[in-house]
Amino acid sequence: MSIRNILLGGAAVFALTLPTQASERLLIGSTSASSSHYGYFVAVAQLVNERVTDVETSVVETGATLDNLRRIQRGQVDLGLVTTNVAHHALAGTNEFDGQPVETQLLWVYTAAPQNVVVRQDAGVSSMADLKGTRFNPGIRGSATEQTSEAVFEALGIAPAHVRGSTTDVVDMIKDNRVIGYVKSGAGTRLDASTLDIATFTPITVLSLTEEQQQILRAEMPDISVVDIPASPDDGMPAYTTWSFGVGVAASPDLSEETAYQIVSTIMEDETAQANAMAELRGVNLADLTMTYGTIPLHPGAYRWFSEQGIDVPAHLMPASAN
């Protein structure tokens, strides 16, 4: 029995009510069942099963991005959750995939993770360059935030004195002035809960990239996006520019163009199911997110959908078949 058949029959698969005459069975790699992202993929699978003719899907609980990409490479899942920075490295055969590239293509991006550089206002730090030599947390140990922010600082020639710790530890250290700040993923374009907790009694500043720094990151780090965050009256934060990666769905190139097209069309046309599964998606334009945060070429089926909508697809998202 193949590994794929074991997955289809085992307890790791979330089986949904499926069409009785489906001719194509797809496995979707997600993440831990305790994550809100797992619930999102259950909603995605339900949409596909209800609205795409002759396709049935099941959600597999996995170890998220790295695990999903390796399963795509081994043919154990057909599509799944990825962060856009890691997907870029997988396709390029760099970092964790050094010398072992994964042939994968982007379907869509459904949420963004702007990386906020948060510091105490009394730290005397007004720019990224001022972080040099300061006691600063680059992100939770082992996280994509930590890995990416360290690469960003290296590219910009900035060397803080990094302090490691859990979110709880670092929040306490910032409040006690044992470290001056940290890098923390935002909740969409808003500050996350831990940053708001700090700001309750400790005035904070979110640092912004300079024009020169933006140019350096665009040239040297194609795995991330440079994004403008609008002012937030609720948080009292002015507009700023930072780096970000997205969370999206990548697929095996073996997924047919027609199936990919039908899936992407279904996802883009949905106005309720995805937002009900993940509240931060309410009112979000998934097409805009995909164009902004995508880092690898679109699957030909996805590209076909975006092209039909008259959307200007950036060169780096164009599939080889479209060139």
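Parameters at a glance
- Residues numbered from 1 in each chain as written.
- Predicted model: local features only at pLDDT ≥ 70, side-chain atom pairs only at ≥ 80, totals over all residues.
- Heavy atoms only, no water.
- 1 Å grid on protein atoms, 1.4 Å probe; cavity = no way out; pocket = protein on both sides within 12 Å on 5 of 7 lines; lining within 4 Å.
- Points joined across faces, edges and corners; volume = space filled by probe spheres on them.
- Helix = DSSP H or I, 4+ residues; strand = E, 2+ residues; numbered from the N terminus.
- Nonpolar A, V, L, I, M, F, W, Y, C, P; charged D, E, K, R; others polar.
- Axes fitted to C-alpha atoms, helices over the stretch in contact; angles between N-to-C directions.
- Parallel < 35°, antiparallel > 145°, perpendicular 65-115°, else oblique.
- Left-handed = near helix turned anticlockwise from the far one by under 90°.
- Contact = heavy atoms within 4.5 Å.
- Phe/Tyr/Trp six-rings, centres within 6.5 Å; stacked < 30°, edge-to-face > 60°.
- Buried < 20%, exposed > 50% of the residue type's maximum accessible area, 1.4 Å probe, protein only.
- Lys NZ or Arg CZ within 6 Å of the ring centre and 35° of its normal.
- Core = buried A, V, L, I, M, F, W, Y, C linked by side-chain atoms within 4.5 Å.
- Salt bridge = Lys/Arg side-chain N within 4 Å of Asp/Glu carboxyl O.

Colleague: What is the right way to look at the layout of surface pockets in this model?
Modeller: Within this model, the largest pocket holds a volume of roughly 490 Å³. Mapped onto the lining of the largest pocket, the elements with two or more residues apiece are helix H2 (36-51), helix H3 (65-74), strand E5 (105-120), helix H5 (144-156), strand E8 (181-185) and strand E11 (240-251). A class-by-class count of the residues in the lining of the largest pocket yields 9 nonpolar, 12 polar and 4 charged.

Colleague: Hey, could you run me through the packing of H2 against helix H9 (residues 257-269) in this one?
Modeller: Each pair of packed helices can be summarised by the angle the axes make with each other and by the distance between the axes. Running from N to C, H2 and H9 cross one another at 115 degrees; their axes reach a closest spacing of 10 Å. What the angle tells us is that H2 and H9 run roughly perpendicular. In this structure, the crossing between H2 and H9 has a hand that is right-handed. Across the interface between the two elements, Tyr40, Val44, Leu47, Val48 and Arg51 of H2 pack against Ile263, Thr266 and Ile267 of H9. Looking at the contact of H2 with H9 residue by residue, the classes come out as 6 nonpolar, 1 polar and 1 charged.

Colleague: Would you mind showing me how to read the packing of aromatic side chains here?
Modeller: Each aromatic ring pair is specified by the distance between its two centres and by the angle formed by the two planes. For the structure shown, the criterion picks out 6 aromatic pairs. Look at Phe136 and Phe153: their rings are 5.9 Å apart centre to centre, the planes differ by 75 degrees, and that puts the pair in the edge-to-face class. Of the two residues, Phe136 sits in strand E6 (residues 135-137) while Phe153 sits in helix H5, which places them 17 residues apart along the sequence. For Phe153, a relative accessible area of 1% corresponds to the buried category. On the basis of an interplanar angle of 85 degrees and a centroid distance of 6.0 Å, the ring pair of Phe153 and Trp243 is categorised as edge-to-face. You can see Phe153 sitting in helix H5 and its partner Trp243 sitting in strand E11, a full 90 residues away along the chain. One exposure class covers both Phe153 and Trp243, and it is buried. Taken together, Tyr40, Phe41 and Tyr110 form an aromatic cluster joined through their ring pairs. Of note, Arg70 hangs over the ring of Phe97, and the distance from its end group to the ring centre comes to 5.2 Å. Just above the ring of Tyr261 sits the side chain of Arg304; from NZ or CZ to the centre is 3.8 Å.

Colleague: Please explain the nonpolar core as it appears in this structure.
Modeller: Considering soluble globular proteins, one finds that nonpolar side chains tend to be buried as a cluster. In terms of nonpolar packing, the biggest core is built from 72 residues, with Tyr40, Leu107, Trp108, Tyr110, Leu298 and Phe306 touching the most fellow members. The biggest single contributor to this core is H2, with 8 residues. Excluding residues that lie within four positions of it along the chain, Trp108 makes contacts with Tyr40, Val44, Gly248, Val249, Ile263, Val264, Ile267, Met268, Gln274, Leu286 and Thr290. Val119, Leu156, Leu207 and Leu209 belong to the second largest nonpolar core, which has 19 residues in total.

Colleague: Sorry, what's going on with empty space enclosed by the protein here?
Modeller: Vacant regions in the atomic arrangement are exposed by a probe of water-molecule size rolled over the atoms. The full count for this structure, using the stated rule, is 1 cavity of 30 Å³ or more. Taken as a whole, the largest cavity spans an internal volume of roughly 40 Å³. Lining the largest cavity we find Thr189, Arg190, Leu191, Ile229, Pro230, Ser232, Asp235, Met237, Pro238 and Tyr240. Of the residues that constitute the lining of the largest cavity, the class distribution is 6 nonpolar, 2 polar and 2 charged.

Colleague: Even after reading the chapter, I still don't get the pattern of salt bridges, so can you show me in this structure?
Modeller: Taken as a whole, this structure holds 11 salt bridges when the rule is applied. With its nearest N and O atoms 2.6 Å apart, the salt bridge here joins Arg164 to Glu150. In this pair, Arg164 is assigned in the loop between strand E7 (161-162) and helix H6 (167-175) and Glu150 in helix H5, connecting sequence segments 14 residues apart. When its relative accessible area of 26% is taken as the criterion, Glu150 is described as partly exposed. For Asp176, the salt bridge identified is with Arg178, shortest N-O distance 3.1 Å.

Colleague: I keep staring at the packing of H3 against helix H4 (residues 84-92) and nothing clicks. Help me out?
Modeller: Contact pair H3 / H4: the axes reach a minimum separation of 10 Å and the direction vectors enclose 35 degrees. Considering only the axes of H3 and H4, their crossing is right-handed. In contact with Thr65, Leu66 and Leu69 of H3, H4 contributes Val86, Ala87 and Ala90. In terms of residue class, the contact of H3 with H4 is made up of 5 nonpolar, 1 polar and no charged.

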